[in-house]
Amino acid sequence: MSINLRNLIPVLEAEWIGLHTAIFVDHVSIDSRSLQNGSQTLFFALSGVNNDAHLYISELIDKGVQSFVVQYVPDNCKGRANFLIVKDTLKALQEFAAYYRNLFDFPVIGLTGSNGKTIVKEWLNFLLSPDFNVIRSPKSYNSQVGVPLSVIAINEKHNLGIFEAGISTVNEMINLEKIIKPTIGVLTNIGSAHDEGFLNLEQKINEKLRLFKDSALVVYQKNEIVDLCLAAFVKENQLKGQVLFSWSFTDKSATVFILKKESKNDKTQIEYQYKNEIFNLEIPFQDSASIENAISCLLVLLYFKYDFATIQNRMQMLYPVEMRLEVKNGINNCSIIDDSYSSDFQSLKIALDFLESQKKNASKTVILSDIFQSGFSNEELYSKVAQLIADNKINRVIGIGNTISSFSDKFSNAVVFASTADFIANFESLNFANETILIKGARSFQFEEIVTLLEEKTHETILEINLNSISHNLNFFKSKLGSNVKMMVMVKAFGYGNGGLEIAKLLEHHKVDYLGVAFADEGISLKSGGIKLPIMVLNPESTSFPSIIQYQLEPEIYSIKGLNAFLKIAREKNLKDFPVHIKLDTGMHRLGFEENTIDELIATLKGNSTIRIQSILSHLATSDDKDHFEFVRSQIRLFEKLSSKLMTELGVNPIRHILNTSGISNFPDAQFNMVRLGIGLYGVSNDAAEQKFLENVGTLKSIISQVRTIPSGDSVGYGRRFMATKETKIATIPIGYADGISRLWGNGVGYVIVKNQKAAIVGSVCMDMLMIDVSEIDCKEGDSVIIFGENPTVTEIANALKTIPYEILTSISQRVKRVFFR
Ligand SMILES: *Cc1c(COP(=O)(O)O)cnc(C)c1O
C-alpha cells in the first residue's frame, strides 16, 4: 500500500493540520509499542475508556512516526507531525479500511457464526491456497478493530480474501460488512455463545446475516430458524440472485445432504449427496464440531467446482488449528513463542509485535520457514522480511527452506538450513541459551518438532495464564477510578501464584503507576528481568536495605526503628530524596506507625533531605465484609487525619492510598490519589455480582496418566480410604499436595473436570498424584483434566475447604509450569 495522506481527508472527513504537502504512508498501526512504527506509518490513536493512545503520540514522533489520525492534538505535539483530526478514531480506522477494501476487486469469503470461524478460515486457506494467493485475517482478528486491520493487509497480488467477523451485540455487523464486503458468505455453527448481547436466537441470527448483504452466495447449515431468518433477510434487502447453499444431516432438500457419518480411529467417513450423486469423504477428526466445520468447507469447495478427487485429497489432510500464540519455557533459560503452524507476511508482523511485548530475554531470535502466498515476488518478499527483522532488532535469524536460504544475504544475521531435518541435525551447534525465540513456519515444515526440541521438559501439569483476561480485569478496575487516581498493582507472592515477571511486563505495557511486592527479593527479580516501573516493597527487612537502594526499589517504612536504620544507610551512601512510603496503622494492626508515634515520626523527618515521602498508605482490615463497614470508615477517617497531619507539618504533598481490591469496589470515595489492586486482577472477587464482570485468569490443567477398572470391594490409594461399592473406572492424575492440591480436597470432597464432566477425587490426595472416578466418562490416557479455572473456580474450592481464594492460588507450587497466552 502506498497512500497519499491528503487523499484521506475527504474519506475520513478529517481536518488536516500538517507539515508537508504530500506524504505517503504504507503501513497502519494502532499499537504504540510496535517496533514497526516508522516514518511511513499512519498511526490511528484509538481511545478507549481506559487506554488513550493519544498519550503516546509524543513518544512516537520521537521515534520517527510522522502521520497520525487523532481526536485531538496533544499540547506537546503541535507542529511536530501531520495530523488528521476526526471525531472518532475507531470509526475513522473502519472508514479507512472500507475505502481501502474498495480498491480491490476479487472474491472475498466472509465468515461469521458463534463457533468455528477461525478454524473454517484456516482450513479454507489450506484447501484453497494451492490455487489462490489468499489474504486472510490473522489468528482470530474478527473484532471492530481486528477486521479493519486484517483488510488493510490486502495487496495487489492477492486474488482471494478470507475474513472472519465476530460480533457481540446488535448493530455491530453493519460496520464489519462495509469493511469486508464479502462476495461469498459462510455461516458457521450458531451456538449459544455471546447470547447475552442479544434478546434471542432470531435476533442473533438476523444480526449475523447482515454480513451477507452483498454476497452472491451463502453457505449454512439448514434449519428452520435460519431458513426463516434468511427468507426475511432476502426479502427485506430485496436481494436478487443470491444463491443459498445449505447442508443438513436430516433435511433431504438441502443442497448437500449428509447420508451417513461414521467415526473410527480418530477419522470420520462422511457420505453425502450433491446434485443427485453420492460421494464419500474422509476427514481426520471425529468430534462433531470438526465434522460440521469440515462440511462448511466442503460446500465452499463444491461452489468453486472442485472435482470430487481433489476435494477428497485435500480434506483428508486437514489439521488441528492452533488459534493463539503461546509463550513457553524453553531449555537453557530460553523462552519460546510457538507459532509453528503458519507463515505469511501479515502474521509475521503480528508475531514480531508479540515477541517484543513478551520477550523475557533481551536477545531475540526468529526461526522462520519459507513464506508462501505473500503475493510478492520472492525478491520483494525477502527484502521486506529482512527489513522487518531489522526494524524489530532481531539478534539472530534462522531461516529454514530452500527459498529463504537463497536470500540469506539479505539478512545481516542469518543462519540458513535447507530443511527442518538439516536444522535438527545441527541443533547442538546452535547453542540456544538466554534468548526469546519466535518459531514461525508453514505447516509443511513441521516446526512442531523444533518446538519439542526447544521446550523445557517438565511433567504434564501446567497453570495456564490468560494474559488477555488480566488486561480485561485491570481495565475493569481502572474504569472505577477517578480521573487522576493512580493504580498500584500488587504482584507479591509471584503475582498471587500466577507468574511475577510476565504479569509485571504486561502491567508495564498497560502503564500502571506502581507495582507492589512483599519482599526485596521479589522486587530485585522484577528489576533484573527488565521492569522499569517503580516498585514498593511492603516488608523490607533491614538487611535488605543496601540491595533495595542498589536496585532502586522503594521501601515501605513502618516503624521509627526501621526509619532510623534506613536513614543511617541512606546517609552513608549520601542519598538525596530517596523515595520511601510511610505506612500508618489505622486498625489492621499488622505493620505501620500508630497514632501515638506520629509526633516522633514528624520530628525525625523534619528538615530531612536524605529521603522523600513518596506516599503515605494504610491497609484496610475488612473492606470485603459488610458487617464491618463501619470499622472501615473509622480506618479511613483516621488515615485522613494522620496523613493530613504529616503533610501539613512536614509541608509535603505525597500520594495517599488505602484501598485494596474490595476497597475499590466498596469505598469509591476513599480512592485518595492511588489504589492498590491485588486479587481482582487475577479474576477473583468476593462479590458475586462483581465476579460476573471479571474473567478467569488461571486454569490448572493436567492429564490422565493411567486408567484402570477395579472390581467392587477393592480400594484406592493410601489408607484404603476409598472402597469401591461397584465396578469402578479409576484414572490417575500426576498432581498432588506437593503441587498445592490440599489433601482436604480429596476423599470425595473435591472433583476435577474431564471431558466437561465432573470426576470425583477418590481416596487421599498423594504427594505427586491423585485418583479420580471416571466410571461414567468416556476417557483415556493422555486426555486433559482441569483442576480449576472456570469450573470449578478457585472460589468454589476455597469455600469447600473453608479458606480464601488467595491461599488456593498462592499454594500452587513453583514446579507447576506456567504457560502464558493471549
Ligand atoms: C496484598 C495487599 C493488597 C492487595 O489486596 P487484595 O485484597 O488482593 O486486593 C493491598 N495492600 C497491601 C498492603 C497488601 O498487602
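The residue numbering used here restarts from 1 in each chain and proceeds along that chain's sequence as written. Local features in a predicted model are, by the rule used here, given only for residues with pLDDT of at least 70; side-chain atom pairs are given and counted only at 80 or more, and totals for whole chains, interfaces and linings are based on all residues. As a rule here, side-chain values cover all heavy atoms of the structure and leave hydrogens and water aside.

Q: Just to check I follow, could you spell out empty space enclosed by the protein for this structure?
A: One water molecule sets the probe size; rolling that probe over the atoms shows where empty space is left. Only protein atoms enter the 1 Å grid used here, on which a cavity is any set of points holding a 1.4 Å probe that cannot leave and a pocket is any open set flanked by protein within 12 Å on both sides along at least five of seven lines; residues with an atom within 4 Å of a point are listed as lining. Grid points are joined across faces, edges and corners, and a volume is the space filled by probe spheres set on the points. Using the criterion set out here, one finds one cavity of 30 Å³ or more in the structure. When its volume is computed, the largest cavity comes out at roughly 160 Å³. Lining the largest cavity are 15 residues; nearest its centre among them are E122, R136, K139, E322 and S342. Think of it as three bins: nonpolar holds Ala, Val, Leu, Ile, Met, Phe, Trp, Tyr, Cys and Pro, charged holds Asp, Glu, Lys and Arg, and polar takes everything else, Gly as well. Class assignment of the residues belonging to the lining of the largest cavity gives a composition of six nonpolar, three polar and six charged. These domain limits were set by an automatic method or by a database of domain assignments. Inspection of the lining of the largest cavity shows a minimum of three residues originating in each of domain 2 (104-315) and domain 3 (326-457).

Q: I would appreciate a short explanation of the UniProt feature "active site" (unreviewed entry) in the chain in the present structure.
A: UniProt positions are given in the numbering used here, feature names are shortened, and annotations may be inferred rather than shown by experiment. Per the UniProt record, the feature "active site" (unreviewed entry) sits at K492 and Y718. The named residues occupy 227 residues along the chain; their greatest pairwise C-alpha distance, 35.6 Å, places them well apart from one another. Lining the second largest pocket, from this annotated set, are K492. Tracing the backbone shows K492 in helix 17 (residues 492-496). Strands are runs of DSSP state E lasting at least two residues, helices are runs of H or I lasting at least four, and both sets are numbered from the N terminus onward.

Q: Would you mind showing me how to read the sheet that holds strand 4 (residues 27-29) here?
A: Within a sheet, each strand pairs with its neighbour through backbone hydrogen bonds, oriented either parallel or antiparallel. With respect to topology, five strands assemble into an open sheet ordered 2-7-6-5-4, the strand pairing being mixed. Strand pairing shows two members of the sheet lacking a second neighbour, strand 2 (15-17) and strand 4, which therefore form its edges. For this sheet, the mean inter-axis angle between neighbouring strands, taken without regard to orientation, is 20 degrees. Of the strand pairs in this sheet, strand 5 (residues 41-44) and strand 6 (residues 67-70) are connected by three bridges, and their pairing is parallel. By the convention used here, strands pair only if DSSP detects at least 2 bridges between them. Interaxial angle, 0 to 180 degrees, is taken between N-to-C directions of lines fitted to C-alpha atoms, where a helix line uses only the stretch in contact.

Q: Honestly, the UniProt feature "modified residue: N6-(pyridoxal phosphate)lysine" (unreviewed entry) in the chain in this entry has me stumped. Any pointers?
A: Under the local residue numbering, the UniProt record ascribes the feature "modified residue: N6-(pyridoxal phosphate)lysine" (unreviewed entry) to K492. Should any heavy atoms of two residues lie within 4.5 Å, those residues are considered in contact. Beyond its immediate chain neighbours, meaning those up to four positions away, K492 contacts G516, V517, A518, E522 and L538.

Q: How should the packing of helix 4 (residues 117-128) against helix 9 (residues 288-303) be read in this particular structure?
A: Angle between the axes and distance between the axes: these two values describe a pair of packed helices. Two numbers describe how helix 4 lies on helix 9: the axes approach to 10 Å, and their chain directions differ by 45 degrees. As far as their axial angle goes, helix 9 and helix 4 are oblique. When you trace helix 4 past helix 9, the crossing you get is right-handed. Every residue of helix 9 that contacts helix 4 at I119, V120, W123, L124, L127 and L128 is listed here: S290, N293, A294, S296, C297, V300 and L301. Looking at the contact of helix 4 with helix 9 residue by residue, the classes come out as ten nonpolar, three polar and no charged. Any angle from 65 to 115 degrees is called roughly perpendicular, while one under 35 is roughly parallel, one over 145 is roughly antiparallel, and all others are oblique. Helix crossings fall into two classes, left-handed where the near helix is turned counterclockwise from the far one by less than a right angle and right-handed where it is turned clockwise.

Q: Got a minute to help me understand the site of the ligand in this structure?
A: M490, K492, Y496, L538, R590, H619, N660, T661, R676, G678, I679 and Y806 make up every residue found near the ligand. One nitrogen or oxygen atom from the side chain of Y806 is found 2.6 Å from an oxygen atom belonging to the ligand. Per-residue accessibility takes into account occlusion by the displayed protein chains alone, with areas from the Shrake-Rupley method and a 1.4 Å probe. Its free accessible area being 390 Å², the ligand has 95% of it covered by the protein chains. A molecule is counted as occupying a cavity or pocket when more than half of its atoms fall within 2 Å of that pocket's grid points. According to the grid-proximity analysis, the pocket containing the ligand is the second largest pocket. When grouped by side-chain class, the residues that make up the shell around the ligand number five nonpolar, four polar and three charged. Being near a molecule or strand, for a residue, comes down to having at least one heavy atom within 4 Å of it. Side-chain atoms alone can form a polar contact between residues adjacent in sequence; in general such a contact is a pair of N or O atoms within 3.5 Å, and within protein one must be able to donate a hydrogen while the other accepts it.

Q: Quick question: what am I supposed to make of the packing of helix 22 (residues 598-605) against helix 23 (residues 629-650) here?
A: The contact between helix 22 and helix 23 brings their axes to 10 Å, and the two run at 30 degrees. With respect to their mutual orientation, helix 22 and helix 23 come out roughly parallel. Crossing handedness for the pair helix 22 and helix 23: right-handed. Between helix 22 and helix 23, the contacting residues are I598, D599, L601, I602 and L605 on the first element and L642, K645, L646, E649 and L650 on the second.

Q: Help me understand the pattern of salt bridges in this model?
A: It is possible for side chains bearing opposite charge to pair when their charged atoms get close. Salt bridge criterion: a side-chain nitrogen from Lys or Arg within 4 Å of a carboxyl oxygen from Asp or Glu. Under the criterion given, the structure shown has 36 salt bridges. Here K583 makes a salt bridge to E556, at a shortest N to O gap of 3.1 Å. One end of the pair, K583, is in strand 28 (residues 578-583); the other, E556, is in strand 27 (residues 554-557), with 27 residues separating them in the sequence. Note on exposure labels: buried denotes an accessible area under 20% of the residue type's maximum, exposed denotes more than 50%, and partly exposed covers the range between, all computed with a 1.4 Å probe on protein chains only. With a relative accessible area of 5%, K583 lands in the buried category. The buried category is assigned to E556, whose relative accessible area is 1%. Across the pair E572 and K568 runs a salt bridge whose closest N-O atoms are separated by 3.5 Å. Taken together, the residues E572 and K568, both in helix 21 (residues 560-572) and four residues apart, mark about one turn of the helix. Like E572, the residue K568 is exposed in the burial classification.

Q: Just checking my understanding: could you explain the layout of surface pockets for this structure?
A: Taken as a whole, the second largest pocket spans an internal volume of roughly 750 Å³. Lining the second largest pocket are 34 residues; nearest its centre among them are Y496, H619, N660, I804 and Y806. Secondary structure elements with two or more residues in the lining of the second largest pocket: helix 17, helix 24 (661-666), strand 31 (674-677), helix 26 (794-800) and helix 27 (805-811). Broken down by class, the residue content of the lining of the second largest pocket amounts to 14 nonpolar, 13 polar and seven charged. Both of domain 4 (467-691) and domain 5 (698-821) provide at least three residues apiece to the lining of the second largest pocket.

Q: For this particular structure, what's the right way to read the nonpolar core?
A: Where a protein is soluble and globular, its nonpolar side chains tend to be buried together. For this analysis, a nonpolar core means a set of buried residues of the types Ala, Val, Leu, Ile, Met, Phe, Trp, Tyr and Cys, connected via side-chain atoms within 4.5 Å. L515, I582 and I772 are the most contacted members of the largest nonpolar core, which has 136 residues in total. Considering each element in turn, this core owes the most residues, eight residues, to helix 23. Apart from the residues lying within four places of it in its own chain, the contact partners of I772 are K729, I730, A731, I733, V752, V754, A759, A760, I761 and V762. One finds L8, L42, L211 and V226 within the second-largest nonpolar core, a separate group that totals 52 residues.

Q: Teacher, can you tell me more about unusual backbone geometry here?
A: Where the residue is not glycine, phi is negative for most of them; where a peptide bond is considered, it is trans in most cases. Geometrically, the link from N791 to P792 is a cis peptide bond, its omega value of -10 degrees lying close to zero. Looking at where P792 falls in the secondary structure, it is placed in the loop between strand 40 (784-788) and helix 26. Positive phi values are uncommon outside glycine, yet K511 reaches one of about 55 degrees. Counting through the fold element by element, K511 comes out in the loop between helix 18 (500-509) and strand 25 (514-517). Residue K511 is classed as partly exposed on the basis of its relative accessible area of 40%.

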